[in-house]
Amino acid sequence: YKTPMDIEWTLANGRFAIDNNNLVVNNHALIDYEVNSMHQIRMFTVDNKGAYYEKDFIIQVLNENDLPVDIQLSDTIFDGVLPIGSIISSITATDQDLNEQFSYSLVSGSGDDDNNIFLINGQNLALGMYFQNTDSVFNIRLRVTDSGNATYEEAFVLHNISYNNNSVTDPE
């Protein structure tokens, strides 16, 4: 036999609780629009004579913008002798929101030393200047912005495979 409290707890699966006569979220991790936009609970009240009343409610969860949580490059190795504007990697982002639209930019911050050598072309990272084997490693910092203007930034290390290190050999 289940008491009304047992039924309430079973239906809500621990998501909600009563605190000083207020319905509150008991476990925020279980309230996620993308996982379940509606939750059924059963509430009840008991009067001073022991009689109780119970009623089922549906609680709808509003969809709020979730932050992007990652940026990925399809490739971090490129050929530095390609023409200016050549795409060297596609950029993607991870965000819990379904069908999210992203924009990307090179931004200032830790790891942005070589941002001026590259440019963003839509969803792609491209060469922004021509250079001749000047270096083998480049550091950039990318930002993704979602449709709700939430952002995430990450630094990347890129490798130029056309770099030719003409080291001087010891004549002795």
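Preceding this paragraph is the structure being described.
Cut-offs used in this document
- Residues numbered from 1 in each chain as written.
- Predicted model: local features only at pLDDT ≥ 70, side-chain atom pairs only at ≥ 80, totals over all residues.
- Heavy atoms only, no water.
- Helix = DSSP H or I, 4+ residues; strand = E, 2+ residues; numbered from the N terminus.
- Contact = heavy atoms within 4.5 Å.
- Pairing = 2+ DSSP bridges.
- Buried < 20%, exposed > 50% of the residue type's maximum accessible area, 1.4 Å probe, protein only.
- Lys, Arg positive; Asp, Glu negative; His and termini not counted.
- Salt bridge = Lys/Arg side-chain N within 4 Å of Asp/Glu carboxyl O.

Trainee: Give a description of the overall build of the protein chain that names residues and reports values.
Mentor: For the protein chain, the count of helices and strands is one helix and twelve strands. Starting at the N terminus, the α and β elements of the protein chain follow one another as α-β-β-β-β-β-β-β-β-β-β-β-β. Expressed as a percentage of contacts within the protein chain between residues at least 6 apart in sequence, the contacts between residues at least 24 apart total 56%.

Trainee: So, the sheet that holds strand E12 (residues 151–160): which residues are in play, and what are the values?
Mentor: Reading across the sheet, the four strands line up as E6-E12-E11-E8 and stay open at both edges, with mixed pairing between neighbours. Edge positions in the sheet fall to strand E6 (77–78) and strand E8 (102–106), since each has one partner strand and no second. Two strands pair when backbone bridges link them, and E6 and E12 are joined in this way by two bridges, in the parallel orientation. Within E12, the position partnered with phenylalanine 78 by the bridge is asparagine 160.

Trainee: Report on the side chain of aspartate 97, specifying residues and quantitative values.
Mentor: Examined against the element boundaries, aspartate 97 turns out to sit in the loop between strand E7 (87–95) and E8. Look at aspartate 97: it is buried, it has no salt bridge, and the nearest opposite charge is arginine 143 at 16 Å. Dropping the residues within four chain positions of it, aspartate 97 is found in contact with Glu34, Asn63, Glu64, Asn65, Asp66 and Asp146.

Trainee: Which residues make up the pattern of salt bridges, and what are the values?
Mentor: If you walk through the whole model with that rule in mind, you get two salt bridges. In this structure, arginine 141 and glutamate 153 form a salt bridge, with 2.9 Å as the shortest nitrogen-oxygen distance. Of this pair, arginine 141 sits in strand E11 (residues 137–146) while glutamate 153 sits in strand E12, placing them twelve residues apart in sequence. The residue glutamate 153 makes a salt bridge to arginine 143 at a minimum N-O spacing of 2.5 Å. On the criterion of sequence distance, the pair formed by glutamate 153 in strand E12 and arginine 143 in strand E11 is long-range, its members being ten residues apart. Relative accessible area serves as the criterion here: at 24%, glutamate 153 is assigned to the partly exposed category. Exposure remark for arginine 143: the relative accessible area of 27% places this residue in the partly exposed category. What you see here is one network of salt bridges that share partners, running through Arg141, Arg143 and Glu153.

Trainee: Outline the environment of lysine 55, supporting the account with residue identities and numerical values.
Mentor: Looking at the secondary structure, you find lysine 55 in strand E4 (residues 52–60). Under the relative-accessibility criterion, lysine 55 is labelled partly exposed at 41%. For the pair formed by lysine 55 and arginine 42, sequence separation is 13 residues and the distance between their alpha carbons is 5.6 Å. When sequence neighbours within four positions are dropped, the list of residues in contact with lysine 55 reads Ile41, Arg42 and Met43.

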